[in-house]
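# Architecture at a glance
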Amino acid sequence: MYLKKIAADLDQSRAHIFFCLALSIYIFSPILIAEHSLIYILSTSISILLLFLTSLACRLIFIPLSLLLLSINSFILHITLHWGTGNTGARIEVAGLSPSSESTEYLETYLSYIDTIIPVYFTIGVVLLSHMRKLKPLNGLGILRGFKGLTIVIIFSIFVCTLIEPRKTIPYYFIDKYFYPVDMEKLRIRDKTIDLIKNKFTPSINNYNKIAIIIGESANKNRMGVYGYKSPTTPFLTRAMENENSFIFDAISPTNQTRYSIPIMLTDATVDDYDKFFSSPSILTEFRQFGYKTYWFSNQGRVGKYDNAITNISKEANVAKIENLVYRDAKKDSSILKYIEDLDLHTNTKELFIFQLMGSHLSYPERYDKDTALIKKPINSSDDYDNSIHYTDIIIENIYDSFPKNNFLFVYVSDHGEVVRKGHGFLPPFRDEYEIPLVVLSSHKNSFLDEMKNLNKASIFNTEGFNDFIKSIAGINEERKKISTKEHIFSVSPQNIYRFKDTPNYKEGDRLIQIQ
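Residues numbered from 1 in each chain as written. Predicted model: local features only at pLDDT ≥ 70, side-chain atom pairs only at ≥ 80, totals over all residues. Heavy atoms only, no water.

### Thoughts on the overall build of the protein chain
Note the cut-off: Helix and strand labels come from DSSP, where a helix needs a run of H or I of at least four residues and a strand needs a run of E of at least two; each type is numbered from the N terminus. Exposure categories follow from relative accessible area, calculated using a 1.4 Å probe and restricted to protein chains: below 20% of the type maximum is buried, above 50% is exposed, and the middle band is partly exposed. The contact criterion used throughout is that any non-hydrogen atoms of two residues lie within 4.5 Å. Each accessible area value is a Shrake-Rupley result obtained with a 1.4 Å probe; residue values ignore everything except the protein chains displayed when judging cover.
Across its full length, the protein chain carries 19 helices and 10 strands. In the protein chain, which comprises 516 residues, the share counted as buried stands at 54%. In the protein chain, the proportion of contacts linking residues at least 24 apart, taken out of those at least 6 apart, comes to 77%. Roughly 23,000 Å² of accessible area belongs to the protein chain as shown, and the carbon and sulfur atoms make up 59% of that amount.

Here it is, written out as C-alpha cells:
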C-alpha cells in the first residue's frame, strides 16, 4: 500500500521531477563536455544525483548551491572554449596557479568574443532557478517525508568534516585534484625529511665565498641582445661577456610552468621522475650542509605554508623573504633589492643567494619602469616584452654590483621561456616556451666551466640538471656531474612528455587552444 502511494505521488509530480533533473544536468554540463574520462563521468554523475535530490528535498539549500556551481562551471566552460576538451584539471592549474593565483592576469589576456557563451550559460541557469519558485513544493511526495531533514544533515556533515579534515571528504578530493599542482601530504613528508638533514655539516674545499643565482621569469633568450637579438635589450650582460671567465650557454627549461620548472631545477627531480622532488633536498639545504648561509629573496607570491612546491623550497633557506602574499600584488623587481642593501656582503662568510624575479611575465607593461625603458614609446606588446627583458638586465646589474668580485659566482637563468605576446603553458607546447638564457659570471678561471662550454658546443643543456651544474661549479659536488643534455621536456603536467626537437616554433595564426 505504501509503495502504491509513493508511485502515485511520483506520477503526479513527474513534470516537477524531470525539471529538477534537467536543471541539475544543465548546471554540470560544462564538466560533462570538458571531461570524457570514466572517473570524471562517474564523479559528475554522482554530483548530479546529489544536486537533484537536494532540489527535491530543500530549495533553501539547492538555489544558493546551484548559483555557486554555475559560477565554478562558468570558469570550466571558459577553459574548455579556449583550450579544448580533456585535461581540464591541468588547464585550470595553468589559469590559476603558477605558482600562486594568476587568474586576474590570465583573464585579462585570454578573454575573447567566444566567452559570450559563458554569460548566456549562466543567465539561462539563473532563469531556470527562478522558474523553480513557480513550481509547487513536493510536500505530498511520500518518499520525501523525512528526506528533507536527512539531506540537510548530510550536507551539514560534509561541511563540518571539510572544516575538520578536508582531505577526507569527496568534494575536497576533486577540488584538490583540480586546483593544487602538488600533493600537500607529500610536501609535509618532504618537510620532515629536509629537517633531518639540513643541519648536518660536511667540510669541503669550495671555489666561491659568495654565490648569487637569479631565476628570471618567462625570459625567451631569442629576445636578448647577449644571445644575438637585433635590439640591445641586455647591455649589462653583453658587456659582461667581454670577461674571459663569463659564459653564455645554449639551454632549455625542463617544462613550461614555474611551479614545476623551479622544483626540478633546484632538486634531484627530473622530467622523467618529477616525484623525486618529494624525497630530495634543494641546493639550499645542500649548500647549508657545506657551511653556506643561504638566502631566498622572491618577488613572486606566497599563498601559504604548504600551498606550493616553491614556497616549500624557500623554507629550506636560513633567511627567506617573499615580497608578496599573492602573485598578482607583485611590484617591479627592484622591490627586492632592499633585502641585500642591509647585508654586509664584504665578509668571508660563505653565502648562497637565490633571487626569484617577476621578470617578463604577462602583463608585460607591469614589469618594467617606464623611465628606464629601452623603447620609450612601445607600440605593441612585443615592444613591452623587450622593455621587460631590458629592465631585468638592469636588475641583474644592480644585484651583481652589490657583491665583491673576489671568489664570486653569479648565475642568471630563467624558469622557462615565452611565446611573446601569447604567454606560456600551452599544450601541445611550442619551442619558444623552453628556450631560456643560462649565463655564468665567475670571478676567476674555473676548469669545469671551460669543460661545460666545450660540451655545450655539441649538446644543448637541459636545466633539469641545474642543481648538479651549480654544485659542480662551486666545487661541493665530488662527482663533478655535468648538466643534463636530455631533450625530454614536459608541458603543463608531468605526464605530458615531449622531445624538445619535435616542438615547433610558434607562428602567428597557430592554434593555441588544442589539447591532445
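That covers the picture; the talk isn't over yet.
### Focus: the pattern of salt bridges
Put simply, the rule is: Salt bridges are counted wherever a side-chain nitrogen of Lys or Arg sits within 4 Å of a carboxyl oxygen of Asp or Glu.
By the definition in use, this model includes eight salt bridges. For K471, the salt bridge is made with E286, and the minimal N-O distance between the two is 2.9 Å. Of this pair, K471 sits in helix α19 (residues 466-474) while E286 sits in helix α14 (residues 283-289); the two residues are 185 residues apart in sequence, bridging distant segments of the chain. By the burial criterion, K471 is buried, and E286 matches it.

### Details of the packing of helix α2 (residues 14-27) against helix α8 (residues 117-132)
Put simply, the test is: Angles run from 0 to 180 degrees between N-to-C directions of axes, and those axes are lines fitted to C-alpha atoms, restricted for helices to the stretch in contact. Here roughly perpendicular refers to angles of 65 to 115 degrees, roughly parallel to angles under 35, roughly antiparallel to angles over 145, and oblique to all remaining angles. Helix crossings get a hand from a simple test, with the near helix turned counterclockwise from the far one by less than a right angle marking a left-handed crossing and a clockwise turn marking a right-handed one. Classification convention: Asp, Glu, Lys, Arg as charged; Ala, Val, Leu, Ile, Met, Phe, Trp, Tyr, Cys, Pro as nonpolar; all other residues, Gly among them, as polar.
At a minimum axis distance of 11 Å, the contact between α2 and α8 shows a crossing angle of 155 degrees. Taken together, the axis directions place α2 and α8 in an arrangement best described as roughly antiparallel. Pair α2 / α8 crosses with left-handed handedness. In contact with F19, C20, L23, Y26 and I27 of α2, α8 contributes V120, Y121, I124, G125, L128, L129, H131 and M132. Partitioning the contact of α2 with α8 into residue classes produces 11 nonpolar, two polar and no charged.

### Describing the environment of S29
As a reminder, the rule being used: Identification of polar contacts relies on pairs of N or O atoms within 3.5 Å, with a donor-acceptor requirement for protein atoms, meaning one able to donate a hydrogen and the other able to accept it, and with residues adjacent in sequence counted only if both atoms are side-chain atoms.
By secondary structure assignment, the location of S29 is in helix α3 (residues 29-34). Taking the C-alpha atoms as reference, S29 lies 9.9 Å from L70; in sequence the two are 41 residues apart. A polar side-chain atom of S29 sits 2.6 Å from the main-chain carbonyl oxygen of Y26.

### With respect to the nonpolar core
The test is simple: Take the buried Ala, Val, Leu, Ile, Met, Phe, Trp, Tyr and Cys residues and link them wherever side-chain atoms come within 4.5 Å; each set so joined is a nonpolar core.
By size, the foremost hydrophobic cluster in this structure holds 48 residues, and its most contacted members are I213, W296, L438, F466 and F469. Setting aside residues no more than four positions away along its own chain, I213 makes contact with I283, L352, F353, I354, F355, V411, F466 and I470. Counting 36 residues, the second largest nonpolar core, distinct from the first, contains A240, L345, F353 and V420.

### Some words on the sheet that holds strand β2 (residues 246-252)
As a reminder, the rule being used: Strands were regarded as paired on the criterion that DSSP finds at least two bridges between them.
The eight strands lie next to each other as β4-β3-β5-β1-β6-β7-β2-β8, forming an open sheet whose pairing is mixed. Among the strands making up the open sheet, the edge pair consists of β4 (319-324) and β8 (461-462). For β2 and strand β7 (residues 435-442), the ladder comprises seven bridges, and the chain directions are antiparallel. If you follow D250 over to β7, its bridge partner there is P437. Each of β2, β7 and β8 is contacted by helix α18 (residues 447-458), which is oriented at about 45 degrees to β2, the strand it contacts most.

### Brief notes about the packing of aromatic side chains
As a reminder, the rule being used: Aromatic rings from Phe, Tyr and Trp, taking only the six-membered ring of Trp, are treated as a pair when their centres fall within 6.5 Å; an angle between ring planes under 30 degrees marks them as stacked, one over 60 as edge-to-face, and anything in between as tilted. We call a charge positioned over a ring when the NZ of a Lys or the CZ of an Arg lies within 6 Å of the ring centre and within 35 degrees of the ring normal.
In the structure shown here, the tally under the stated rule is 27 aromatic pairs. Aromatic side chains F353 and F403 sit 5.2 Å apart centroid to centroid with 75 degrees between the ring planes, which places their arrangement in the edge-to-face category. With F353 in strand β5 (residues 351-356) and F403 in the loop between α17 (381-401) and β6 (408-414), the pair connects residues that are 50 residues apart, well separated along the chain. Each member of the pair, F353 as well as F403, is classed as buried. Their ring planes at 70 degrees and their centres at 5.0 Å tell us that Y364 and Y385 sit as a pair that is edge-to-face. Placement of the pair is Y364 in the loop between β5 and α17 and Y385 in helix α17, with a sequence separation of 21 residues. Of the two residues examined, Y364 and Y385, each falls in the buried class. In this structure an aromatic cluster arises from ring pairing among F236, Y295, F297, Y339, F353, F355, Y400, F403, F408 and F410. Sitting above the plane of the F500 ring, R431 keeps its charged end 4.7 Å from the centroid.

### Looking at unusual backbone geometry
Cis peptide bonds are those with omega within 30 degrees of zero, and the linkage from L362 to S363 qualifies with 0 degrees. Residue placement: S363 occurs in the loop between β5 and α17. For the bond running from L427 to P428, omega is 0 degrees, close enough to zero to count as cis. Note on placement: P428 falls in the loop between β6 and β7. One non-glycine residue, R421, lies in the positive phi region at around 80 degrees. One can find R421 in the loop between β6 and β7.

### What to know about the side chain of K221
Mapped onto the elements, K221 comes out in the loop between β1 (210-216) and α12 (235-240). Discounting residues that sit within four places of it in the chain, K221 has contacts with Y227, D250, A251, E435, I436 and P437.

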